[in-house]
Amino acid sequence: MAAIEYRGLRKVFPGGAVAVEGFDLTIADGEFLVLVGPSGSGKTTVLRITAGLEEATDGDVLIGGEVVNDVPPMDRDIAMVFQSYALYPHMTVEANMSFGLRLHKVPKDVIKERVASAAQMLGLQDLLHRKPAQLSGGQRQRVAMGRAIVREPAAFLMDEPLSNLDAKLRVEMRAYLADLHQKLETTTLYVTHDQTEAMTMGDRVAVMRDGVLQQVDTPQALYDRPANLFVAGFIGSPAMNLVRTRLTDALAVTLGPTTLDLPEALLAKRPSLRGHAGGEVVVGIRPEDLEDAAFVPSANGSVLDVEISRAEPLGAEVIAHFPLDGIAGTARLNPRSTAATGKHLLLAVATDRLHFFDPDSGAAIY
Amino acid sequence: MTSIPYAIPRRRARHAVARRFEAAGPLTYLFLILVVLGSIFPLYWSLVVASHTNAAVYAYPPKLLPGGNLFHNIHRLFNAGIVNVDFAKALANSAIVSTVVTVSVVFFSALAGFAFAKLDFRGRKLLFVLVLATLFVPVQLGLIPLYIEMKHFGWLDNIKAVIAPNLVTAFGVFLMRQYIVGAVPSELVAAARVDGCNTWRVFWHVVMPAVRPIAAVLGLLTFMMSWNDYLWPYIVLNARNPTVQVAVSDIATVAYVPDYSLILTGCFVSILPLLAVFLLLGRQIIGGIMQGAIKG
Ligand SMILES: Nc1ncnc2c1ncn2[C@@H]1O[C@H](COP(=O)(O)OP(=O)(O)O)[C@@H](O)[C@H]1O
Ligand SMILES: [Mg+2]
């Protein structure tokens, strides 16, 4: 087991595409860190550089405190799980799992023991003599996991390992991987483009965009204190409502015809807001911070009058969509709400939980 | 007249692909049988001639059934006193040449194809274009410089001169590269590297097993071409140390009156190893195709 550290990592592909830029990050020993970002943001590139499959243009990668820039993949003591699983098609499940150990000249009885124990952990005992072609997607995924586990490496690298599974299996495997990590406590760098996966699995989550790290924090901190507009919009589902508007001199914001006064509690949390008085800001409202006013007794004035364009009753909640100052707004309402398509509705705003961003730099105003 | 009743269901079956293959009518069979007969006849005819005396070749009407002289002719074929060449040695030479060339072509083509398909190195594209460009140079153009080269090496009259120039072919490299690009995903190569393979082991443990079907095809083609090669061996070898094609041509030219039964016995015997290889590798190829189908 080992920590992984990146110092000023940069990768420019031949042809000039900058895939990673100024990447600084430390993954603690035994930590499960999720690297999340939209497709093309450079996640796979970071992973491949970590594995030694790609060379960094600049910067260092350290595994267990040692710079491994010039160490070939086979000597880095890491195991990787690929999106396509990349199982050896001509080998049985057993041979697939033991291949790496055999290459590293691990004694036969040790191999046997590790494969058996991993197979048991993953429920693969009865499939050991099958070829990958004879397995279902979920089984292949587990073999890919098994191949990594038996290596007992210093770190796991996983590149969207669940993205080829159907939704139900994906949720199951998520929990399963979390359990597995609890048991093995191996440093894990887990890449995904799915923010739900990132939030549910990571000890910490690193958000990446266009090759640049945006914010690294625990899931809850990312959610509560996003560092910029991108993180605010990317983390959370449904996404945060982001409206560009003006902060009045009296520190109130106007949303359409409504003016919302900002409570003292909010101003105390975001002292810099005063500096933006009279200027443009982007206001962020989480969908759950908008509620059907009928269920909020003390809404005292912080109420928006909206016309619902679509209401989706989900049982535990109602997701309401409505136009809000030129954007498509979303709210998560009490399931008893009477919100219905085409109807007007009064929405109470939890003004003490509003987010603010500088419209030019996109940085959050705290 | 008979074609009409069959024409209608066949057109209808065209909608269902599976049906179309199952529903081959008698005309299809008739056509195929004719084609097969047409291809087999020369072989059969050489067997017929090889199994008679030379005099029978000129008989009229021509003999259409095999005679009883085959083993006698084979016996004469391997008697250097009669045919003036060492036919057994020719067979052995051909076997050595074709086997070495086939193994080498398959191996090195796979190796180079792997490099061109999956490895990153400077000048990869240019080199591959150069390899392909050699495909457009006619073999005949290279004969003289190659001959001079072999002479300098002192390899004339030695089968080394037949083996060396054929150890790897541009066609083989091209075929392998194209196949590997599709059949070996880059993530598989990456997985092998992370598992502990150096480039050589990636080739050996991951690429080689994946290219087996196409290796069988390439091997078969190469063996056939090498076995049947005549011009180059004829130039660099002599009658005392020939390949089988050179030997057969020598039998044809030693006497004033060509002994056709003996020549065709030579042809017949020279075809047998080729048939054996076909049967052997043909199964491999079909196996490969079936394997691909299951994977699909
Ligand atoms: N081998 C490559 N050559 C050139 N550009 C590449 C290569 N691999 C990735 N890129 C580019 O680098 C960027 C990041 O890619 P990648 O790391 O695969 O993103 P992600 O995994 O987050 O989807 C993309 O713009 C992609 O086009
Ligand atoms: Mg990726």
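Above this text sits the structure in question.
So, how was this worked out
Each chain has its residues counted from 1, running along the sequence as written. Working convention: letters from A go to chains and numbers from 1 go to ligands, in the order in which they are written. Where local features are concerned, this predicted model is filtered to residues with pLDDT of at least 70; where side-chain atom pairs are given and counted, the filter is 80 or more; whole-chain, interface and lining totals use all residues. Side-chain measures were taken over the full set of non-hydrogen atoms in the model, leaving aside hydrogen atoms and water. Runs of E in the DSSP output that reach at least two residues are strands. Runs of H or I that reach at least four are helices, and both are numbered from the N terminus. Only protein chains enter the calculation, and the probe is 1.4 Å; a residue is then buried if its accessible area is under 20% of its type maximum, exposed if over 50%, and partly exposed in between. Every residue pair with non-hydrogen atoms within 4.5 Å of one another is taken to be in contact. Accessible surface is estimated by sampling points in the Shrake-Rupley manner with a 1.4 Å probe; for residues, cover comes only from the protein chains shown. In summary, the charge assignment counts Lys and Arg as positive and Asp and Glu as negative, without counting His or the chain termini. Lysine's charge is taken at NZ, arginine's at CZ, aspartate's at CG and glutamate's at CD. In this scheme, a helix's expected span is set at 1.5 Å multiplied by one less than its residue total. Strands are labelled as partners when DSSP assigns at least two bridges between them. Each cavity reported here is a set of points on a 1 Å grid over the protein atoms alone in which a 1.4 Å probe fits but cannot get out, each pocket an open set with protein on both sides within 12 Å along at least five of seven lines, and each lining residue one with an atom within 4 Å of a point. Grid points are joined across faces, edges and corners, and a volume is the space filled by probe spheres set on the points. Ten residues, namely Ala, Val, Leu, Ile, Met, Phe, Trp, Tyr, Cys and Pro, are considered nonpolar, four, namely Asp, Glu, Lys and Arg, are considered charged, and the remaining ones, Gly among them, are considered polar. Throughout, the accessible surface (probe 1.4 Å) given up by two parts as they are put together, summed over both, is called the buried area. A carboxyl oxygen of Asp or Glu within 4 Å of a side-chain nitrogen of Lys or Arg is what we treat as a salt bridge. We define a polar contact as two N or O atoms separated by no more than 3.5 Å, with the added condition that, inside protein, one atom must be a possible hydrogen donor and the other a possible acceptor, whereas residues neighbouring each other in sequence contribute only through side-chain atom pairs. Residues are counted as near a molecule or strand when any one of their heavy atoms sits within 4 Å of it.

**Considerations on the overall build of chain B**
Point 1. Of regular secondary structure, chain B possesses 17 helices and zero strands.
Point 2. Burial analysis of chain B (296 residues in total) assigns 37% to the buried set.
Point 3. Counting only contacts in chain B whose residues sit at least 6 apart along the sequence, the fraction spanning at least 24 positions is 71%.
Point 4. As displayed, chain B has an accessible area near 17500 Å², and 70% of this comes from carbon and sulfur atoms.

**Points about the overall build of chain A**
Point 1. Secondary structure summary: chain A contains nine helices and 21 strands in total.
Point 2. Its C-alpha atoms give chain A principal-axis dimensions of about 75 × 45 × 35 Å.
Point 3. A burial count over chain A gives 51% of its 366 residues as buried.
Point 4. Across chain A, every contact between residues at least 6 apart in sequence was considered, and the portion connecting residues at least 24 apart equals 69%.
Point 5. Carbon together with sulfur atoms contributes 49% to the accessible area of chain A, which is approximately 15800 Å² in total.
Point 6. Averaging the positions of the 35 positive and the 46 negative side-chain charges in chain A gives two centres separated by 7 Å.

**Some words on helix α14 (residues 212-228) of chain B**
Point 1. Helix length check: α14 of chain B, at 17 residues, gives a terminal C-alpha distance of 24 Å against a target of 24 Å (1.5 Å per residue), a fit within 8%.
Point 2. Those residues of α14 of chain B not exposed but buried are Pro-213, Ile-214, Ala-215, Ala-216, Leu-218, Gly-219, Leu-220, Thr-222, Phe-223, Ser-226 and Trp-227 of chain B.

**Quick notes on the pairing of strand β16 (residues 303-307) of chain A**
All names here are of chain A.
Point 1. Alternating positions in β16 separate cleanly, Leu-304 and Val-306 being buried on one face and Val-303, Asp-305 and Glu-307 remaining unburied on the opposite face.
Point 2. With five bridges connecting them, β16 and strand β20 (residues 344-349) associate as antiparallel partners. By the bridge assignment, Val-306 is partnered in β20 with Leu-345.

**Quick notes on empty space enclosed by the protein**
All names here are of chain B.
Point 1. Counting across every chain of the model gives three cavities of 30 Å³ or more.
Point 2. Its boundaries defined by the atoms lining it, the largest cavity holds a volume of some 60 Å³.
Point 3. Lining of the largest cavity is provided by Trp-45, Val-48, Val-49, His-52, Ala-56, Val-57, Ala-59, Pro-62 and Lys-63.
Point 4. Of all the secondary-structure elements, those providing two or more residues to the lining of the largest cavity are α3 (26-50) and α4 (54-57).
Point 5. The element contributing the most residues to the lining of the largest cavity is α3, with three residues.
Point 6. The class makeup of the residues in the lining of the largest cavity is seven nonpolar, one polar and one charged.

**Regarding the sheet that holds strand β5 (residues 66-67) of chain A**
Residues and elements named next belong to chain A.
Point 1. With respect to topology, four strands assemble into an open sheet ordered β2-β1-β4-β5, the strand pairing being antiparallel. Two strands in the sheet have a free side with no partner beyond their single neighbour: β2 (18-27) and β5.
Point 2. In this sheet, β2 lies alongside strand β1 (residues 4-12) in antiparallel orientation, the contact comprising six bridges. By the bridge assignment, Leu-9 is partnered in β2 with Phe-23.

**Quick look at unusual backbone geometry**
Point 1. For the peptide bond that leads from Ser-237 of chain A to Pro-238 of chain A, omega is 0°, which places it in the cis range.
Point 2. Examined against the element boundaries, Pro-238 of chain A turns out to sit in the loop between α8 (229-234) and β11 (241-246).
Point 3. The amide bond that connects Tyr-60 of chain B to the next residue, Pro-61 of chain B, takes the cis arrangement and shows omega of -5°.
Point 4. Mapped onto the elements of the fold, Pro-61 of chain B is located in the loop between α4 and α5 (70-77).
Point 5. Of note in the backbone geometry, Glu-185 of chain A takes a positive phi value of approximately 55° without being a glycine.

**Here's the deal with the interface of chain A and chain B**
Point 1. On the chain B side, the residues contacting the 26 residues of chain A number 16 residues.
Point 2. Of the roughly 1800 Å² buried between chain A and chain B on both sides combined, carbon and sulfur atoms contribute 65%.
Point 3. Linking chain A with chain B are one salt bridge.
Point 4. Residue Asp-195 of chain B is joined to Arg-151 of chain A by a salt bridge in which the shortest nitrogen-to-oxygen separation is 3.4 Å.
Point 5. Linking chain A with chain B are seven residue pairs in polar contact (both at pLDDT 80 or more), by the criterion used here.

**Here we look at the site of ligand 1**
Residue and element names in this part refer to chain A.
Point 1. The environment of ligand 1 is made up of Phe-13, Ala-19, Pro-38, Ser-39, Gly-40, Ser-41, Gly-42, Lys-43, Thr-44 and Thr-45.
Point 2. Note that an oxygen atom of ligand 1 is positioned 3.1 Å from one of the backbone N or O atoms of Ser-41.
Point 3. Within the complex, the protein chains bury 58% of what would otherwise be the 560 Å² of accessible surface of ligand 1.
Point 4. The biggest single contributor to the shell around ligand 1 is helix α1 (residues 43-51), with three residues.
Point 5. Of the residues contributing to the shell around ligand 1, the split by class is three nonpolar, six polar and one charged.

**Quick look at the layout of surface pockets**
All names here are of chain B.
Point 1. Space inside the largest pocket adds up to approximately 1100 Å³.
Point 2. Lining the largest pocket are 29 residues, with Val-139, Pro-165, Asn-166, Val-168 and Thr-169 sitting closest to its centre.
Point 3. Put simply, the parts of the chain that give the lining of the largest pocket at least two residues each are α7 (87-118), α9 (139-153), α11 (170-183), α14 and α15 (231-236).
Point 4. For the lining of the largest pocket, the per-class residue count stands at 21 nonpolar, seven polar and one charged.
Point 5. By volume, the second largest pocket amounts to about 870 Å³.

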